[in-house]
Amino acid sequence: GAPLLLNCGRRPPTADSATAADKTNPRGKHCLWLCFRVLSSCLEIFVLCPPLTSDSISTVLAAATITMTLTSTVCFPRQEIMKWNGWGYSDSKFLFNKKGQAEFTGKRYRLSGMVLPSLQDWFENTFGASVNHKSPPALNASAVPPASLNEAFVEDLKATGIPFSHEAEDRVFRAHGHCLHEIFALREGKKFERVPDMVVWPNCHNDVVKIVELACKHNVCLIPYGGGTSVTSALECPPEETRCIVSLDTSQMNRILWIDEKNLVAHVEAGIIGQDLERLLNESGYCTGHEPDSMEFSSLGGWVATRASGMKKNVYGNIEDLVIHIKVVTPRGVIEKSCQGPRMSTGPDIHHFILGSEGTLGVVTEVTMKIRPIPEYQKYGSVVFPNFEAGVACLREVAKQRCAPASIRLMDNEQFQFGHALKPQVSSIFTNFVEGLKKFYITKFKGFDPHQLVVATLLFEGDRERVLQHEKQVYDIAATFGGLAAGEDNGQRGYILTFVIAYLRDLGMDYYVVAESFETSVPWDRVLDLCRNVKERINRECKERGVQFQPLTSCRVTQTYDAGACVYFYFAFNYRGLADPVHTYERVEHAAREEILANGGSLSHHHGVGKLRKEWMKESISSLGVGMLQSVKDYVDPDNIFGNRNLL
Amino acid sequence: MSTVCASCFNILVFVTLQQRDPMLKRDGFEDILEERRNSSDLKYALRCYAPVLYKGVTPCKANMLKNIVLQSDQLHYVINQVSQESGEAPDIIQEEASVILEEMAHRLQISTVRFFAFALSKAFKTLFQHVCVNEEGIQRLQQAIQEHPVVLLPSHRSYMDFLLMSYILYTYDLALPVIAAGMDFMGMKFVGEMLRMSGAFFIRRSFGGDKLYWAVFSEYVKTMLRNGFAPIEFFLEGTRSRTCKSLTPKLGLLNIVIEPFFKGEVFDVNLVPVSISYERILEESLYARELLGVPKPKESTSGLLKARRILSEDYGSIHVYFGQPVSVRSLAQGKVNRSTYNLFPRHIPRKPMEETQSFVNDTAYRIVRLQEDNMVLKPWVLMASLLLQNLEGLELSVLTEQTVWLRGLALSYAAFLDWPDHAPTAKVVSSSLALHRGLACVSGGRVSLVVGEPLGPVTPEEALFNRAVSVLSCASYRNQVLHVFLRPAMLAVAMHTAASSKKNEVYNCFSFLWDMFSNDFILCPGDIVQDFEEACYLLVKTGAVQMPQQDIVMTDIGQPTLSFFNGLLEPFLQGYQVVCRYLCEEASEGLTEKQYIPAVRSFAVKLILAGNLRCYEVLSSDMQKNALAALLRMDAVRKVKVADQVTLIVNKMAVNSIDDILGGKLPTQKALLARL
């Protein structure tokens with residue numbers, strides 16, 4: 001039961017060397033970078049993405065050891081292993097090979113290295129796109145506005161020994177999240193109006209306290225940066241900000257400080273990335289069970305700051321159910337509770353000021369969160385329904401009986417077809433034959449219309465016997481709604497889609513297709529109406545705004561609750577012939593959000609508000625509600641040090 | 001409101017023109033009878049009928065539809081509510097609901113439709129010269145039916161209307177509508193059932209407080225709409241207009257068909273205004289008698305058979321214009337916040353919010369105006385307007401000359417005039433007179449109204465009555481053109497009655513008239529400034545009026561136009577004045593609402609017989625009701641319920657001053673003060 005001190009593996013440089021470097025080469029803006037190249041005389045080996053051994057991840061992400069050798073660790077340049085103008089790892093991407101077949105490169109995922117023979121057809125038929133019409137990224141690195149530094153702040157920061165950089169690449173990398181317009185701008189080599197002036201890497205809670213103190217002293221704007229997976233423009237620097245903007249990168253605060261097996265909680269630094277957290281806990285036989293789709297890259301602090309939701313929330317809960325204690329550094333000091341009681345009646349829960357505060361109040365530095373023993377057994381499953389209505393009715397019934405598996409998702413027909421397009425080349429004639437037989441059974445024998453049928457994917461977890469029992473219960477319910485069990489394989493494929501879909505957007509952008517996703521939560525009785533109306537609205541708006549090709553609009557019900565569901569939309573269109581595709585896209589998304597709100601959907605289920613959806617906050621929580629939040633902000637951060645201007 | 005600035009004027013005119021522009025580009029017509037005259041009706045009735053439906057929906061059997069309604073959450077909620085209130089078991093209430101639905105529901109059968117297709121082909125060919133339909137409108141409708149639930153909103157001038165509508169949709173292979181019909185048809189044993197089988201569903205005329213009835217009814221309509229099983233058709237005006245003026249729209253059904261959009265149950269609803277114009281209305285003289293107080297014959301099968309007589313007459317042509325589908329979604333954009341429906345379960349009935357109510361009201365008026373705009377006018381309506389201003393008769397040559405003049409004026413005001421191409425004017429006038437020989441005759445080169453043949457000796461009252469029938473019949477044709485001239489005509493009257501030519505004062509008079517006549521004519525609530533600007537624009541455009549600085553003055557050539565307009569509205573001004581005078585001079589203390597109409601009628605008869613009044617139109621119960629409604633709205637008269645009777649309490653001072661303004665004796669400003 002002794003607390004364990006764990007570390008995710010990467011060691012940042014010592015602060016001494018950083019300051020030394022700056023002193024020895026004061027003139028060049030590459031000073032830090034170059035110095036560390038010189039200073040690091042030996043090669044360091046990191047395990048950036050070690051074998052994923054846990055049951056929960058390894059089935060989805062391929063087991064692959066990536067050992068990378070770098071000459072320098074300074075600046076912790078994520079851009080060396082991750083794309084600077086797209087999603088995810090540099091080595092993983094979709095492309096159409098010389099034969100015109102799609103393949104997924106790299107070794108990290110189950111799909112990696114595989115040829116996907118039906119993707120091209122699907123792609124061309126769905127979007128009216130052609131693999132011959134390429135729109136490759138403009139490769140000139142974007143011009144970066146010069147850093148405007150607060151010299152006094154920089155001087156004081158140096159004295160603390162906390163590493164920092166004002167390297168253009170570092171700054172641009174942290175100037176954006178993954179909204180379409182952000183990635184599009186990077187690809188097109190367009191200039192960001194405003195980027196952080198410098199990046200700072202605190203190593204622990206106390207470093208953050210020092211940085212925030214200095215920021216207050218010198219009136220510097222701080223923007224916390226975790227995994228960088230925001231899709232709400234939350235990481236964009238406000239163009240009107242005239243102060244020096246410092247991006248506070250939490251990536252070095254990535255240790256599990258202790259595990260308390262008696263209470264089943266772990267105390268973790270907030271910069272840790274989802275997959276690292278899970279892997280490290282797995283080594284001790286535990287997991288958090290919190291698996292948002294972005295878990296490969298998103299951070300614990302980011303989850304807290306946006307009220308994240310994980311795919312297996314039915315068993316483990318959403319982030320607000322998982323946290324026991326949060327430590328936050330604000331301009332007024334540190335907020336934390338005095339004990340770890342599992343529930344308190346001490347006025348409004350102060351955690352709820354922090355959860356979803358989107359970096360406007362301070363930096364989450366340490367979190368105590370619940371952990372669970374790794375489940376003994378895991379099983380995927382899937383059910384085919386004749387149509388979306390039947391599927392939704394089934395999910396509703398499952399929610400009513402409170403017997404939802406760890407994950408249950410319903411994909412509409414468009415997504416079902418999309419999933420099929422991602423089927424790898426079939427290896428044997430026999431599998432081909434079996435597939436054909438299954439298809440025949442469902443479409444001909446059972447009379448399902450292939451253009452109507454939908455599929456629910458399931459994931460069960462627990463001890464073996466219970467899982468099997470649970471499975472039977474769910475399949476029985478499904479049967480009453482005309483659902484047919486469709487096998488583990490189809491279920492698993494559905495979850496693979498989750499991790500690779502962001503990569504697919506990059507492929508689309510290579511061929512004049514822009515795509516984005518957005519989500520909402522909605523009461524059960526409005527799910528169908530909302531889905532239909534939002535899709536129709538998107539189609540209509542695209543037409544009215546001159547989109548030449550039929551857009552792809554697809555949705556899935558991704559979470560079930562007692563009183564409603566979370567619905568996730570994908571939306572993509574071929575933008576050939578449009579002068580400003582991003583603007584068109586944004587107007588359509590705006591209209592879609594209005595439609596969601598008019599149909600009883602929420603502003604966001606888990607993505608957050610950022611700057612993208614600020615305009616609807618008043619409507620969503622009333623102007624009094626906005627006032628309440630504003631008064632908290634005014635008290636905690638009177639000088640707007642945390643000036644990312646999200647939310648309010 | 002009192003000052004209207006010049007810049008505001010320009011903007012408004014621009015807006016008005018923009019709004020009206022699409023209507024000005026009207027489609028051409030096809031005669032659907034032509035084919036019927038050249039090929040077999042039987043074949044036509046038995047031909048393959050396979051209409052396209054909303055988004056490939058499968059047609060729903062009448063019984064299945066009833067089950068969906070009876071099992072709906074909406075109805076269950078109300079059943080439980082009624083059961084709790086009445087103490088009756090839910091099963092019994094459920095049974096009641098089932099009975100109501102049975103009485104209400106349509107039983108659309110293609111065989112019945114085929115029967116009507118055959119029978120109506122025969123009847124139409126004998127009654128009418130042409131039945132003309134704008135085919136582009138049909139194409140638009142076909143498109144709309146596939147994309148959205150469609151509500152057909154025809155004008156209502158004749159019993160023929162809804163059979164005609166179904167006949168046309170059948171002819172063009174479009175989905176047959178289900179039609180909301182008044183329960184009075186049900187009285188016609190056999191015919192009622194025939195209509196039911198051709199798609200009519202029957203609703204009680206009044207069911208004020210009956211929650212259950214309302215729930216069954218609204219759920220029945222909404223179920224059909226939500227699923228897009230069939231286009232829904234009803235008459236916004238609620239009943240046949242006996243005067244050929246459009247009636248103030250009724251909102252009940254419109255509320256029902258729009259609500260599914262607000263609740264997000266459908267993406268959009270398309271409202272399709274349909275204008276059905278008859279060159280001669282079958283019920284022409286029947287209506288006039290009804291307005292004069294001869295009660296409407298009860299709908300009965302034998303009555304219908306007696307009406308066969310009409311089969312021998314020529315009723316000219318019918319024009320049916322399917323207007324541009326109006327998207328409720330686009331109309332509601334920025335006017336109704338749908339998210340206000342988010343916090344209440346959708347199956348619980350709720351009174352619509354104020355925002356919604358005013359939207360629905362506004363929409364109803366817009367649709368009726370769209371109906372008016374696409375009504376086809378025949379030369380005769382122009383002649384009728386002229387004849388009514390010259391009750392003593394008119395030289396044929398003068399009538400011809402003035403008709404030509406009026407045609408020019410109507411066309412410049414964008415009237416939808418069906419004037420025969422390439423025919424000499426004299427021919428047009430004479431053939432119009434021939435078709436309407438029951439109303440006007442030419443003798444000795446003079447044209448005058450026909451007065452019903454006296455059979456033996458007649459009392460002065462009977463003679464007066466006969467004359468009134470022909471005046472009112474004739475007025476029903478003039479009324480058809482009123483919507484074209486209404487706004488400039490009100491301005492002309494306002495200019496005439498205003499104390500000076502100051503724009504402000506004219507506007508005050510105009511707004512008084514606008515308010516006064518808003519039961520008689522379709523004036524969209526809140527459009528008063530826009531209507532004023534439109535009137536100014538039109539009169540300036542045709543050169544009748546100039547607007548130097550802040551004045552409105554007649555031009556040298558404006559006299560004929562302005563005096564025609566004054567004459568056009570004269571019967572209304574006089575009629576309202578007679579009502580005012582009656583209320584001030586004659587009305588007794590305990591005048592009940594019931595006594596009101598006969599009392600005004602006999603008051604007017606007295607005046608006419610004494611030679612003090614030449615206006616017969618005041619004898620119309622329609623005008624009397626509208627005048628009373630206006631006075632009630634203006635608080636000059638109040639209704640008080642005493643025991644079982646509603647009594648009218650008259651504020652004589654207020655009524656008197658309204659009388660004076662109408663007569664041009666009192667400036668509007670003072671009158672308005674007096675009202676306060």
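What you see is a predicted model; the values in this text were computed from it and never measured.

A. The overall build of chain B, seen in detail. Helix and strand counts for chain B stand at 27 helices and 16 strands. Since a compact globule built from 676 residues should have a radius of gyration of about 26 Å, the 26 Å found for chain B is in line with a globular shape. Expressed as lengths along the three principal axes of its C-alpha atoms, the size of chain B is roughly 70 × 60 × 55 Å. Of all 676 residues assigned to chain B, the portion counted as buried reaches 56%. Residue pairs in contact within chain B that sit at least 24 positions apart in sequence constitute 78% of those at least 6 positions apart. Accessible surface for chain B amounts to roughly 28600 Å². Of this, 55% is attributable to carbon and sulfur atoms. Here chain B holds 68 positive side-chain charges and 69 negative ones, and the gap between their average locations is 2 Å.

B. Region of the structure containing the interface of chain A and chain B. With 14 residues of chain A at the interface, the matching set in chain B holds 15 residues. Counting across the chain A and chain B interface gives five salt bridges. Residues Arg540(A) and Asp268(B) are paired through a salt bridge, measuring 3.1 Å at the closest nitrogen-oxygen approach. Where chain A packs against chain B, one counts 14 residue pairs in polar contact (both at pLDDT 80 or more). Going through the elements one at a time, helix H19 (527-544) and helix H20 (581-598) of chain A are the ones with two or more residues in the side of chain A that touches chain B. Of the residues in the side of chain A that touches chain B, the class split is two nonpolar, three polar and nine charged.

C. Region of interest: the sheet that holds strand S15 (residues 363-370) of chain A. Residues and elements named next belong to chain A. Pairing is antiparallel across the open sheet formed by five strands, whose spatial order is S10-S11-S15-S13-S14. Only two strands of the sheet have a single partner each, and these edge strands are strand S10 (256-260) and strand S14 (333-335). Pairs of neighbouring strands in the sheet enclose a mean axial angle of 10°, with direction left out of account. In this structure, strand S13 (residues 323-330) lies alongside S15, joined through six bridges in antiparallel fashion. Within S15, the residue paired with Lys 327 across the bridge is Glu 366. Its contacts with the sheet place helix H8 (residues 205-218) against S13, S14 and S15, and it is angled at close to 35° to S13.

D. Just the confidence of the model for chain B, in detail. All names here are of chain B. The predicted model of chain B has a mean per-residue pLDDT of 88, with 91% of residues at 70 or higher. Mean pLDDT values over the elements of chain B span from 41, in helix H1 (residues 6-24), up to 97, in strand S3 (residues 150-154). Note on residues 1-23: pLDDT under 50 across the span, and 30 contacts to partners over four residues away in sequence or across chains. Interface predicted TM-score (ipTM) for the complex: 0.85; the corresponding pTM is 0.87.

E. Structural detail: the environment of Arg240(B). Residue and element names in this part refer to chain B. With respect to the element layout, Arg 240 can be found in the loop between strand S6 (232-233) and helix H12 (252-262). Taking the C-alpha atoms as reference points, Arg 240 and Ser 40, separated by 200 residues in sequence, lie 33 Å from one another. A polar side-chain atom of Arg 240 sits 3.3 Å from a polar atom in the side chain of Tyr 159. Here the side chain of Arg 240 touches Glu 283 through a polar contact of 3.3 Å, side chain to side chain.

F. Highlighting the pattern of salt bridges. All told, the structure shown has 67 salt bridges over all chains when counted by the stated rule. A salt bridge links Glu155(A) to Lys158(A); the nearest nitrogen and oxygen atoms lie 3.6 Å apart. Of this pair, Glu155(A) and Lys158(A) both sit in helix H5 (residues 151-160), three residues apart, which is roughly one turn of that helix. Across the pair Lys378(B) and Asp418(B) runs a salt bridge, and its minimum N-O distance is 2.6 Å.

G. Highlighting the packing of helix H21 (residues 503-516) of chain B against helix H26 (residues 652-662) of chain B. Residues and elements named next belong to chain B. In contact at an axis separation of 11 Å, H21 and H26 are set at 120° when each is read in the N-to-C sense. Comparing their axes, H26 and H21 come out oblique. Our pair here, H21 against H26, has a crossing hand that is left-handed. Between H21, through Phe 512, Leu 513 and Met 516, and H26, the contact on the second element is made entirely by Ile 658, Ile 661 and Leu 662. Residues belonging to the contact of H21 with H26 are distributed by class as follows: six nonpolar, no polar and no charged.

H. A look at the sheet that holds strand S17 (residues 377-385) of chain A. Residues and elements named next belong to chain A. Read across the open sheet, the seven strands follow the order S20-S17-S19-S18-S22-S23-S21; overall the sheet is antiparallel. What marks the edges here is a single partner per strand, and that holds for strand S20 (484-485) and strand S21 (513-523). With five bridges connecting them, strand S18 (residues 407-411) and strand S19 (residues 454-462) associate as antiparallel partners. Of the residues in S19, the one forming a bridge with Ile 408 is Leu 458. Sheet strands touched by helix H18 (residues 488-510): S17, S18, S19, S21, strand S22 (552-560) and strand S23 (564-574). Its angle to S17, the strand with the most contacts, is close to 80°.

I. Summary view of the UniProt feature "active site" (unreviewed entry) in chain A. Residue and element names in this part refer to chain A. Feature annotation in UniProt assigns "active site" (unreviewed entry) to the following positions: Tyr 568. Along the chain, the position of Tyr 568 falls in strand S23. The class for Tyr 568 is buried, based on a relative accessible area of 10%. If we ignore the near neighbours within four places in the chain, the residues touching Tyr 568 are Ser 517, Phe 518, Glu 519, Ser 554, Cys 555, Arg 556, Thr 558, His 606 and His 607. There is a polar contact of 3.1 Å between the side chain of Tyr 568 and the side chain of Ser 517.

J. Representation of the environment of Tyr321(B) in the model. Residue and element names in this part refer to chain B. As for its position among the elements, Tyr 321 is in strand S8 (residues 317-322). The spacing of Tyr 321 and Phe 29 is 292 residues in sequence and 8.3 Å in space, taken between C-alpha atoms. Sequence-distant contacts of Tyr 321, defined by excluding residues within four places in its chain, comprise Lys 25, Arg 26, Asp 27, Phe 29, Asn 134, Arg 140, Pro 273, Val 274, Ser 275, Asn 374 and Phe 416.

K. Summary view of the packing of aromatic side chains. Under the counting rule described, the total for this entry stands at 47 aromatic pairs over all chains. Arranged with centres 5.6 Å apart and planes meeting at 65°, the rings of Tyr568(A) and Tyr570(A) form a pair that is edge-to-face. Of the two residues, Tyr568(A) and Tyr570(A), neither departs from the other in class, the shared state being buried. On the numbers, 5.0 Å between centres and 65° between planes, the contact of Phe521(B) with Phe572(B) is edge-to-face. With Phe521(B) in the loop between H21 and helix H22 (528-541) and Phe572(B) in helix H23 (residues 559-586), the pair connects residues that are 51 residues apart, well separated along the chain. Exposure class is identical for Phe521(B) and Phe572(B). Each is buried. An aromatic cluster is built from Phe96(A), Trp122(A), Phe123(A), Phe127(A), Phe418(A) and Tyr511(A), whose rings are joined through pairwise contacts. The positively charged end of Arg108(A) is found above the aromatic ring belonging to Tyr89(A), 3.4 Å away from the centroid. Lying over the aromatic face of Tyr159(B), Arg240(B) brings its terminal NZ or CZ to 3.7 Å of the ring centre.

L. Fine view of the side chain of Arg593(A). All names here are of chain A. Looking at the element boundaries, Arg 593 is found in helix H20. Comment: no salt bridge for buried Arg 593; closest opposite-charge side chain is Glu 519, at 4.7 Å. Side-chain polar atoms of Arg 593 contact the backbone oxygen of Ser 602, separated by 3.2 Å. When residues no more than four places from it in sequence are discounted, the contact partners of Arg 593 are Phe 518, Glu 519, Thr 520, Ser 602, Leu 603, Ser 604, Arg 613 and Trp 616.

M. Expanded view of the UniProt feature "binding site: substrate" (unreviewed entry) in chain A. All names here are of chain A. UniProt feature "binding site: substrate" (unreviewed entry): in the numbering of this structure it lies at Arg 505. Mapped onto the secondary structure, Arg 505 falls in helix H18. What Arg 505 contacts, discounting residues up to four positions off in sequence, is His 178, Cys 179, Leu 180, Ile 183, Ala 515 and Glu 516.

How each quantity is defined
Residues numbered from 1 in each chain as written. Chains lettered and ligands numbered in written order. Predicted model: local features only at pLDDT ≥ 70, side-chain atom pairs only at ≥ 80, totals over all residues. Heavy atoms only, no water. Helix = DSSP H or I, 4+ residues; strand = E, 2+ residues; numbered from the N terminus. Rg over C-alpha atoms; globule rule 2.2 N^0.38 Å. Buried < 20%, exposed > 50% of the residue type's maximum accessible area, 1.4 Å probe, protein only. Contact = heavy atoms within 4.5 Å. Areas by Shrake-Rupley, 256 points an atom, 1.4 Å probe, with all protein chains shown as cover. Lys, Arg positive; Asp, Glu negative; His and termini not counted. Charge placed at Lys NZ, Arg CZ, Asp CG, Glu CD. Salt bridge = Lys/Arg side-chain N within 4 Å of Asp/Glu carboxyl O. Polar contact = N/O pair within 3.5 Å; in protein donor to acceptor, adjacent residues only side chain to side chain. Nonpolar A, V, L, I, M, F, W, Y, C, P; charged D, E, K, R; others polar. Pairing = 2+ DSSP bridges. Axes fitted to C-alpha atoms, helices over the stretch in contact; angles between N-to-C directions. pLDDT = per-residue confidence, 0-100. Parallel < 35°, antiparallel > 145°, perpendicular 65-115°, else oblique. Left-handed = near helix turned anticlockwise from the far one by under 90°. UniProt positions renumbered as here; feature names shortened; annotations may be inferred. Phe/Tyr/Trp six-rings, centres within 6.5 Å; stacked < 30°, edge-to-face > 60°. Lys NZ or Arg CZ within 6 Å of the ring centre and 35° of its normal.

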